[in-house]
Amino acid sequence: MSFKKKKKFKDDDTVVGVAVETSNGGSNNKAVKPAASSATAPKPIQVVLLLMDPNSRRFELLQLEFDSNKALVSDVVRQVQSSATETTLRNLSYGGVCDQDGNEMIQSLKLSHFCVGNEIVMAIPMGMTGKATLKLAHPILSDPKVADMLRPCGVKIKRVMKPEKQMEKIAEEDSTETKKVTPPTSTSKQIDVSKTKSASKTQTPSIFGIGIMTLLFFTVLRHIRVTKKIESGDVLLPGQWKSQCGIWDVLPELGKFCNTESSSTLEMGRDGTLRYFTKNSADGEKRESWTLSGYAAQCSESSDQSECATGDVDASSATFVKDGYYWYVELDGKRTSLGKDVVQDFMSE
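Please read these numbers as outputs of a predicted model, since none were measured by experiment. (Residues numbered from 1 in each chain as written. Predicted model: local features only at pLDDT ≥ 70, side-chain atom pairs only at ≥ 80, totals over all residues. Heavy atoms only, no water.)

## Points about the overall build of the protein chain
Broken down by element type, the protein chain carries seven helices and 15 strands. By residue count, 36% of the 349 residues in the protein chain fall in the buried class. Contacts in the protein chain between residues at least 24 apart in sequence constitute 56% of all its contacts with a sequence separation of at least 6. Carbon and sulfur atoms form 53% of the exposed surface of the protein chain, whose accessible area is close to 21,500 Å². (Helix = DSSP H or I, 4+ residues; strand = E, 2+ residues; numbered from the N terminus. Buried < 20%, exposed > 50% of the residue type's maximum accessible area, 1.4 Å probe, protein only. Contact = heavy atoms within 4.5 Å. Areas by Shrake-Rupley, 256 points an atom, 1.4 Å probe, with all protein chains shown as cover.)

## Digging into the sheet that holds strand β8 (residues 235–236)
Each strand in a sheet pairs with another by means of backbone hydrogen bonds, the pair being arranged parallel or else antiparallel. Strand order in the open sheet formed by four strands is β8-β13-β14-β15, and the pairing between neighbours is antiparallel. With one partner strand each, in any of the chains shown, β8 and β15 (334–337) form the two edges of the open sheet. Sheet topology places strand β14 (residues 326–331) next to β15; four bridges connect them, and they run antiparallel. Bridging from a neighbouring strand, E330 pairs with R335 of β15. (Pairing = 2+ DSSP bridges.)

## Quick look at the sheet that holds strand β11 (residues 273–279)
In space, the four strands of this open sheet follow the order β9-β10-β11-β12, with antiparallel pairing throughout. Looking at strand neighbours, the two that pair on one side only are β9 (241–243) and β12 (286–293), the edges of this open sheet. Strand-to-strand, the axes of this sheet are offset by a mean angle of 15 degrees, without reference to chain direction. (Axes fitted to C-alpha atoms, helices over the stretch in contact; angles between N-to-C directions.)

## Digging into the packing of aromatic side chains
Tallying each qualifying case throughout the model produces two aromatic pairs. Taken together, a centroid distance of 5.3 Å and an interplanar angle of 75 degrees make the contact between F217 and F218 edge-to-face. Of the residues examined, F217 reaches a relative accessible area of 51% and is grouped as exposed. A centroid spacing of 6.3 Å and a plane angle of 90 degrees characterise the contact between Y276 and F346, whose relative ring orientation is edge-to-face. With Y276 in strand β11 and F346 in helix α7 (residues 340–346), the pair connects residues that are 70 residues apart, well separated along the chain. The same class applies to Y276 and to F346, which are both buried. (Phe/Tyr/Trp six-rings, centres within 6.5 Å; stacked < 30°, edge-to-face > 60°.)

## Quick look at the pattern of salt bridges
Enumeration over the complete set of coordinates arrives at seven salt bridges. The salt bridge involving E86 is made with R58; its shortest N-O contact spans 3.1 Å. Here E86, found in the loop between α1 (73–83) and α2 (87–91), pairs with R58, found in the loop between β2 (45–52) and β3 (59–66); they are 28 residues apart in sequence, far enough to count as distant. Overall, E86 belongs to the buried group, its relative accessible area being 13%. For R58, a relative accessible area of 28% gives the class partly exposed. Its salt-bridge partner being R275, residue E288 comes within 3.3 Å of it at the nearest N-O pair. Note that E288 is positioned in strand β12 and R275 in strand β11, a separation of 13 residues in sequence. (Salt bridge = Lys/Arg side-chain N within 4 Å of Asp/Glu carboxyl O.)

## Comments concerning the side chain of D53
If you trace the backbone, D53 turns up in the loop between β2 and β3. Despite being buried, D53 has no salt bridge partner; R58 is the closest side chain of opposite charge, sitting 6.8 Å away. Within the local environment of D53, its side chain forms a polar contact with the side chain of S56, the two groups lying 2.6 Å apart. Excluding residues within four positions of it along the chain, D53 makes contact with R58, T88, L89 and L92. (Lys, Arg positive; Asp, Glu negative; His and termini not counted. Polar contact = N/O pair within 3.5 Å; in protein donor to acceptor, adjacent residues only side chain to side chain.)

## So, the environment of A137
Mapped onto the secondary structure, A137 falls in helix α3 (residues 130–141). Counting along the chain gives 83 residues from A137 to P54, while the straight-line C-alpha distance between them is 9.8 Å. The residues touching A137, leaving out its near neighbours within four places in the chain, are L50, M52 and M122.

## Focus on the environment of S232
Residue position: S232 is located in the loop between α5 (185–227) and β8. Linking S232 and D323, residues 91 residues apart in sequence, is a C-alpha distance of 8.7 Å.

## Describing the pairing of β11
For β11, a buried count of six out of seven residues is recorded, marking the element as mostly surrounded by other parts of the structure. One ladder, built from four bridges, connects strand β10 (residues 265–268) with β11; its direction is antiparallel. Bridge pairing in β11 links E267 to R275. The antiparallel pairing of β10 with β11 creates a hairpin that spans four residues between the two strands, and G272 there sits at a positive phi of about 85 degrees. Relative to β12, β11 runs antiparallel, the two being bridged by seven bridges. Among the inter-strand pairings, Y276 is bridged to a residue of β12, identified as W290.

Here it is as structure tokens:
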């Protein structure tokens, strides 16, 4: 690692010296000896500060020396503006400093509380946590070239977990926008493929579940409509029907919910005929017990076609009316009294 002596300012009495190492695919620094410490001065704290830009993935290593009696953790962050050589890293805002375990240091405390010397610390980009910063630093700290570069300085890198083949994206959230950290190009394709596969596997059961729920909803709705008792003024249009058991007629094995062996049906046919069906309790076969034909049905069955009106004859609709204690059905303007069985099975009280 090469060194660069830092010019000392009047208000910079906590800093003894600084050395710089940048990384943008290669190293190009001039070597200069570090500042010599006084014989009577306390032993300075030497740290290597790792700066990282989550967006461009550029990083820089700075070797700093601080007065162990005076330097605070916040002094480490303040040195970035005057020591960083990369413009993007120098202009980036940092919220604090963390160690190699991702533990954030309290900025108001002395640096000596956290560092003894010859240690590597990481500047935390604003909006990120110490743990997120550690994840971002994993590929750098696990690089053997970086370890070899720091070894002559006496800095030891703690053993870090091997970076996953598919490096996860680290999101930085602030009040206005979310910035995403994208992994290197070589691994981004693998991440996209895995995400696409997992997304397709997740979407398939979701779509299937939505379809089942939709089908179930309309089935229940249909069941309610056909089993609801008829009120006075209700109309049955051609093709509509009423059933005592509803969908349970289609699922006789679930007969515990309704007696499908003797359930009855009231149907308004498209031919204009109102039919009442019952089931034989012996064999459960459906049979027609009562019918009432409208004008359209009578016309179609008539042999004398001259009696029918000119043009198409629309199938009639049946209107149910309660008059006093009795129920009637009106079909083509004619009122017919309903039988006791029909009233008992389908009419409301």
